[in-house]
Amino acid sequence: MSEQPRSPKDARRMERLKHGSRSVRDVRPRTRQRVRRPAPVLGSIQAGTSDEPTVVLSKRAVDRLAEGHAWIYRSDIAAPAELSGGEVVRLADERGWFLGKAFYGSRSQIAVRLLTREDEPVDEPFFVHRLAQSIALRDVVRPDPERRQAARLVHGEADLLPGLIVDRYADCLSMQTLIEATDARRELFASLLERLLAPRAIVERNDVRVRAHEGLEQRKGMLRGENPGPVEFLEGEVKLVADLLSGQKTGAFLDQAENRLEAGRYAKGRALDCFTYGGAFALQLARKAERVIAVDISEQAAAQGREVAARNGVENVEFKVANAFDLLRAESEAGARYDTIVLDPPAFAKSKDTIEAALRGYKEINLRAFHLVSPGGVVVTCSCSFQVDDATFERTVLQAASDAKRSVQVIERRGAAKDHPTLLGVPETRYLKCLILRVL
Ligand code: SAH
């Protein structure tokens, strides 16, 4: 006897089933999953699309995946003893049902990083597809057919390519392989990127501390082409320069690109850019402000900033080498006034243990900024500490405003640029906060 619909919705579902609609999968009622199948015995799990080793997840880990997370900790898995780091594994629950495929890490506390929830082969075409999908998003959010700008093309777990970062600066690429699995495949990724994008050069920037958690050494150098030297790229109408081999991060702080353009829109009068690095905020402010003071503790950063200002023919930015905390204190004690202030410090909280100290740091610089800003002036205040969430950051900024006895309007609550997507369910992929405030 054929199945009878139990509701109009069910009737529509059955109709779609008959016609083989693609959306059937999404409306499949739960009862279908209850079909009784014998639970497979661990160790004899049938291979689906491949014979990868199986990692069994605890109930807690299964729930975590179901909630959208992509990382599973070592304490929540059972893995075959002979499994080596960097392998692709099948994930199963304790009864043996398939949950997804993942990169396995042998050293990190994060033992498993999800690649797919489908039972599909993880092979070269899989990675080509993932890279092409990532690039396609950037073609939409940051169209740049002449390749004169910069963009993050692959944002690790948020693009379901855990442990892989790829940034494009004009026609050159900078790549980071941060975990065992991507590090072992870096030649593959370099070849695929070469095939997809034909870049002039591919630089490897694997000189980052997080690699130590994975038992990976520090390394940087050329993967394809010759050292391109300083690479010029456009951000809005400003020319910036990234030295892909020796700059910070992969060459620049691309996550702030859209916030810098927005900050430029509000800039006016006397401006102060604290933690300026190569002057990227300062140069956007300089388009509207009369004069900009740009501060960084690093002599090298200031030198780069001066070079970039000259390259743009900009004469109203002054780069100062100073500790921003000291400069802000001295300026506020001297009764100075600024109409536009940008605070873009490095991550003050690098781990849970440093959150309290970090909040004191954020409070202090924001308090100084609120003392210094003129009535009607603008403060652009940022935090890239993942450990400090939006609400906590905003509360800290409010405490600073109250202590300074200033009323503050929030003009925009912003995050990282759109080429740094966040993955719903993975809070770690949302780290950057940027508030554009008007101080009354
Ligand atoms: N605003 C920059 C990125 C800033 S990164 C941009 O948009 O590109 C943080 C910068 O803060 C680094 O260049 C670092 O050298 C600088 N820095 C760190 N501690 C500092 C301090 N106490 N005073 C001033 N600069 C500091």
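Relevant structure appears above.
Note that the coordinates shown come from a computational prediction; the quantities given were computed from them, not determined experimentally. (Residues numbered from 1 in each chain as written. Predicted model: local features only at pLDDT ≥ 70, side-chain atom pairs only at ≥ 80, totals over all residues. Heavy atoms only, no water.)

Draft legend 1. Spotlight on the overall build of the protein chain. A tally of regular secondary structure across the protein chain gives 12 helices and 20 strands. Within the span of the protein chain, comprising 440 residues, buried residues form 51% of the whole. Within the protein chain, contacts between residues separated by at least 24 positions form 63% of all contacts whose residues are at least 6 apart in sequence. (Helix = DSSP H or I, 4+ residues; strand = E, 2+ residues; numbered from the N terminus. Buried < 20%, exposed > 50% of the residue type's maximum accessible area, 1.4 Å probe, protein only. Contact = heavy atoms within 4.5 Å.)

Draft legend 2. Representation of the packing of aromatic side chains within the structure. As enumerated under the stated definition, the model contains 9 aromatic pairs in all. Taken together, a centroid distance of 6.5 Å and an interplanar angle of 70° make the contact between F275 and F348 edge-to-face. Taken together, the positions of F275 in the loop between β14 (270-274) and α8 (280-286) and F348 in the loop between β17 (338-343) and α11 (355-372) put the pair 73 residues apart, joining distant regions of the chain. The class for F275 is buried, based on a relative accessible area of 16%. Taking the centre distance of 4.7 Å and the plane angle of 40° together, the rings of F348 and Y362 count as tilted. With a gap of 14 residues between them, F348 in the loop between β17 and α11 and Y362 in helix α11 connect regions that are remote in the sequence. Taken together, the aromatic side chains of F275, F325, F348, Y362 and F393 make up a single cluster linked through ring pairs. The residue whose ring lies beneath R270 is Y338, and the NZ or CZ to ring-centre distance is 4.6 Å. (Phe/Tyr/Trp six-rings, centres within 6.5 Å; stacked < 30°, edge-to-face > 60°. Lys NZ or Arg CZ within 6 Å of the ring centre and 35° of its normal.)

Draft legend 3. Broad picture of the sheet that holds strand β9 (residues 172-177). The strand order across the open sheet built from 5 strands is β7-β8-β9-β10-β11, with neighbouring strands paired in mixed fashion. The two strands at the open ends of the sheet, each matched to only one other strand, are β7 (150-155) and β11 (219-224). Taking each pair of neighbouring strands and ignoring which way they run, the sheet shows an average axis angle of 20°. In this sheet, strand β10 (residues 201-206) lies alongside β9 in parallel orientation, the contact comprising 4 bridges. Paired with S174 across the strands is V203, a residue of β10. (Pairing = 2+ DSSP bridges. Axes fitted to C-alpha atoms, helices over the stretch in contact; angles between N-to-C directions.)

Draft legend 4. Expanded view of the pairing of β14. Counting buried positions along β14 yields 4 of 5 residues, so the element is predominantly enclosed. Strand direction decides the pairing type here: β14 and strand β15 (residues 291-296), joined by 5 bridges, are parallel. Counterpart to R270 in the pairing with β15 is R291. With 4 bridges connecting them, β14 and β17 associate as parallel partners. Bridge assignment links C274 to a residue of β17, and that residue is L343.

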